[in-house]
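Chains, contacts and geometry: an overview
Letter by letter, the chains look like this.
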Amino acid sequence: MSSDTLTKLPAAPGTSGPADVPRIVPQRRYGQWAAAVVVLALLALAVTSVLRNEAFQWDVVAAYFTTDSVLRGLWLTLWLTAVVMALGFALGTLLAAARLSANPVLRSVSWGYVWLFRSIPILVQLLLWFNIGALYPTVLGVKTVDLLGPVTVAIIGLTLHEAAYAAEVVRGGILSVDRGQIEAAQALGLSRWRRWRRIVLPQAMRAIVPPAGNMLIGTLKGTSIVSVIAVNDLLFSVQLVYHRTYQVIPLLMVATVWYTVVTSVLSVGQHYLEKRYARGAERTR
């Protein structure tokens, strides 16, 4: 213990014992307090700059924030996110099961799928699906252009992309469960379905929920890329407006605020879901 953290106290009158009793004094962290003051000052300057900068045109942001076109785009964004996550995790779970199976063909196909769709940028995938008619003009006697509209192309492209990542998330969660617990369940005579439902999945969800929550938020923001194929999502809706009014910054701020609100709500939901599945775990969150 350093000498600057100890002070000497005189012995109490009428008592015997050592003349000097050490007392612990909390270390004063002046550097941390100085850094905190600097950070808060910079944060206050940034907030003040954003609020007082007339170029943001906050009155225009408020005027367009709840317009019908923006709300319709927001609804399509939320709907597209929910559909893509549901289908992506359903396909990803099948791919994870195939990757963990004893069949070498299934393992190889699952690995190849994950490798391929994680290697191709999502924008390239969407553009390929959007122009699939150049490769297959007709499918089952129906013109591909009529069969695959922009929304359908967005669902297919985003789902196949998300499934590759979901497969690794699910596989990692399953592998995080101790093998000894599965063997103990087998020794107790539990059926395969009950082992998965009562032993594997509840523990695997502790490892699956955090990255799955990040994937959900990433998918919500990633849906903005479908604006390049003219899907009328939130970003495309505000683009239509500022192409007409030339108020680019305030309309982009409308989309920014909506994305921030929705991701904040999803983050709160992820927090409580993690808390639910962390019950009984030894680690602290």
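Residues numbered from 1 in each chain as written. Predicted model: local features only at pLDDT ≥ 70, side-chain atom pairs only at ≥ 80, totals over all residues. Heavy atoms only, no water.

Core analysis: the largest hydrophobic core is formed by 19 residues, its most contacted members being Val70, Leu234, Val238, Leu251, Val254, Trp258 and Tyr259. When residues of this core are traced back to their parent elements, those giving at least two are helix 2 (58-64), helix 3 (68-100), helix 10 (234-245) and helix 11 (248-277). Beyond its immediate sequence surroundings of up to four residues, Val238 is in contact with Val70, Leu251, Val254 and Ala255. Counting 14 residues, the second largest nonpolar core, distinct from the first, contains Met85, Phe89, Val170 and Ile182. (Core = buried A, V, L, I, M, F, W, Y, C linked by side-chain atoms within 4.5 Å. Buried < 20%, exposed > 50% of the residue type's maximum accessible area, 1.4 Å probe, protein only. Helix = DSSP H or I, 4+ residues; strand = E, 2+ residues; numbered from the N terminus. Contact = heavy atoms within 4.5 Å.)

Let's shift gears to the packing of helix 7 (residues 150-175) against helix 9 (residues 192-222). As a packed pair, helix 7 and helix 9 sit with axes 8 Å apart at the nearest point and diverge in direction by 145°. Helix 7 and helix 9 meet at a crossing whose hand is right-handed. Each of Glu162, Tyr165, Ala166, Val169, Val170, Gly173 and Ile174 in helix 7 lies in contact with helix 9, whose residues at this interface are Trp196, Val200, Ala204, Ala207, Ile208, Pro211, Ala212, Met215 and Thr219. The class makeup of the residues in the contact of helix 7 with helix 9 is 13 nonpolar, two polar and one charged. (Axes fitted to C-alpha atoms, helices over the stretch in contact; angles between N-to-C directions. Left-handed = near helix turned anticlockwise from the far one by under 90°. Nonpolar A, V, L, I, M, F, W, Y, C, P; charged D, E, K, R; others polar.)

The next point concerns the environment of Val262. As for its position among the elements, Val262 is in helix 11. A C-alpha to C-alpha distance of 16 Å links Val262 and Val84, two positions 178 residues apart in sequence. Filtering out sequence-adjacent residues up to four positions away, Val262 remains in contact with Leu74, Leu78 and Leu220.

Counted under the stated rule, the structure contains four aromatic pairs. Relative to Trp258, the ring of Phe65 lies with its centre 4.4 Å away and its plane at 0°, an arrangement referred to as stacked. Taken together, the residues span a long stretch of sequence, with Phe65 in the loop between helix 2 and helix 3 and Trp258 in helix 11 at a distance of 193 residues. The two residues Phe65 and Trp258 agree in class, both being buried. (Phe/Tyr/Trp six-rings, centres within 6.5 Å; stacked < 30°, edge-to-face > 60°.)

In this model, the protein chain carries an average pLDDT of 84, and 91% of its residues clear a pLDDT of 70 or more. Confidence scores differ between elements of the protein chain, with strand 1 (residues 6-10) showing the lowest mean pLDDT of 49 and helix 4 (residues 104-119) the highest of 94. Overall, residues 1-7 carries pLDDT values under 50, and its contacts beyond four positions in sequence, including any with other chains, amount to 11 contacts. (pLDDT = per-residue confidence, 0-100.)

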